[in-house]
Amino acid sequence: HKLASYDLVVTTYETLASDFRNSDSTGALGPSKKAGVKKAKVTPAAGGEDEYDGEPKKKAYKIKTTFPAAHVINWFRVVMDESHKSKGISTTTDSLKQLFSRRRWCVTGTPAANQVSDFAGQFSALHVTQLSDPKTWQALMDEGKKRRNRLGYDDNSYLRPNVEIGIVMSIFRRLMVRHTKTMTYNLDGVNLLVLPPKREVVQWIKMTSKEEGMYRQ
């Protein structure tokens, strides 16, 4: 309740994943045990209602019922900065997917680190189920490779339309907003993003002969 009272809550992917990893399938923290009974030896009492009746007494296991705080709140909006950290199938991706919110944003400057299947984790966090499987993205790229292999390679290969990239761009046009440094507000023409001027400094490094030999290899 205390966490839900704040207007803005900032956390890390590592914290979310850790809380989610240490919970069972229902979200309850602690080992996944089924509630059960345990036989216990009881010494016969001298009398009264607790008098030993010859049957072993039973007691229930204590089950932790504390839930990961972030996963029991219905958030107004979840903003996942540096969302490329959510890749494919992982605990981080699962923990993001289980957050309750109808408004979900992924914010990143590098949506794919190494391959297009990196998109799957982010779409999973956004609840776009059709694009949440890395195999879907990999199959799309594999089809493109097969087509290019059939057509062969020559000096004009780069002129051929890349169907797969076209499909990817079509998806992103509907799901992504891209901001550039040249964009302005429509009403007053002020730039959306104002950055300080870039300053470049060249720093020469003196390498040892061993370092230079390794560098030139």
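The residue count restarts for each chain, going from 1 along the sequence in the order it is written. The predicted origin of the model limits local features to residues at a pLDDT of at least 70 and limits the giving and counting of side-chain atom pairs to 80 or more, whereas totals for whole chains, interfaces and linings rest on all residues. No hydrogens and no water enter the side-chain calculation; it runs on all heavy atoms of the structure.

Q: I would appreciate a short explanation of the overall build of the chain in the present structure.
A: In terms of regular secondary structure, the chain is built from six helices and six strands. A run of H or I in DSSP counts as a helix once it spans at least four residues, and a run of E counts as a strand once it spans at least two, with each numbered from the N terminus. Reading the helices (α) and strands (β) of the chain from amino to carboxyl end gives α-β-β-β-β-α-β-β-α-α-α-α. Per-residue burial for the chain yields a buried fraction of 22% across its 217 residues. Counting only contacts in the chain whose residues sit at least 6 apart along the sequence, the fraction spanning at least 24 positions is 57%. Here, Shrake-Rupley sampling with a 1.4 Å probe gives the accessible areas, and only protein chains in the shown set may cover a residue. Surface summary for the chain: the accessible area is close to 17,800 Å², and the carbon and sulfur share equals 54%. The buried label goes to any residue with under 20% of its type's maximum accessible area, the exposed label to any with over 50%, and the partly exposed label to all in between, with areas taken from a 1.4 Å probe on protein chains only. The contact criterion used throughout is that any non-hydrogen atoms of two residues lie within 4.5 Å.

Q: Where do I start with the packing of aromatic side chains in this structure?
A: Within a pair of aromatic rings, the relevant descriptors are the distance that separates the centres and the angle that separates the planes. Any pair of Phe, Tyr and Trp rings, taking the six-membered ring for Trp, is counted once the centres come within 6.5 Å. Such a pair is stacked with planes under 30 degrees apart, edge-to-face with planes over 60 apart, and tilted for the rest. With the rule as written, the count across this model stands at four aromatic pairs. Look at Phe123 and Trp137: their rings are 5.7 Å apart centre to centre, the planes differ by 10°, and that puts the pair in the stacked class. Note that Phe123 is positioned in helix H3 (residues 119-125) and Trp137 in helix H4 (residues 134-151), a separation of 14 residues in sequence. Exposure class is identical for Phe123 and Trp137. Each is buried. Their ring planes at 10° and their centres at 6.1 Å tell us that Phe123 and Phe172 sit as a pair that is stacked.

Q: Just checking my understanding: could you explain the nonpolar core for this structure?
A: Generally speaking, a soluble globular protein has its nonpolar side chains buried in company with each other. The nonpolar core is taken to be a set of buried Ala, Val, Leu, Ile, Met, Phe, Trp, Tyr and Cys residues, with the residues joined through side-chain atoms within 4.5 Å. Among the nonpolar cores identified, the biggest contains twelve residues, and these are Val116, Phe119, Ala120, Phe123, Val128, Leu131, Trp137, Leu140, Met141, Val168, Ile171 and Phe172. Where this core is concerned, the elements lending two or more residues are H3, H4 and helix H5 (163-175). Residue contacts for Val116: discarding those within four places in its chain leaves Trp137 and Met141. The next biggest cluster of nonpolar side chains, apart from the first, holds ten residues, and it includes Leu16, Val78, Met80 and Ala125.

Q: Whenever I open this one, helix H1 (residues 13-21) confuses me. Can you help?
A: Think of an α-helix as turning once every 3.6 residues; residues three or four places apart then point the same way. Those residues of H1 that sit buried are Tyr13, Leu16 and Ala17. The buried side chains of H1 occupy one side of the element, clustering within an arc of 95° when seen end-on. Of the surrounding secondary structure, the elements contacted by the buried residues of H1 are strand S4 (78-81) and helix H2 (91-97). This arc is built from the directions going out from the helix axis to the C-beta atoms.

Purely spatial values, then, with no claim about function.
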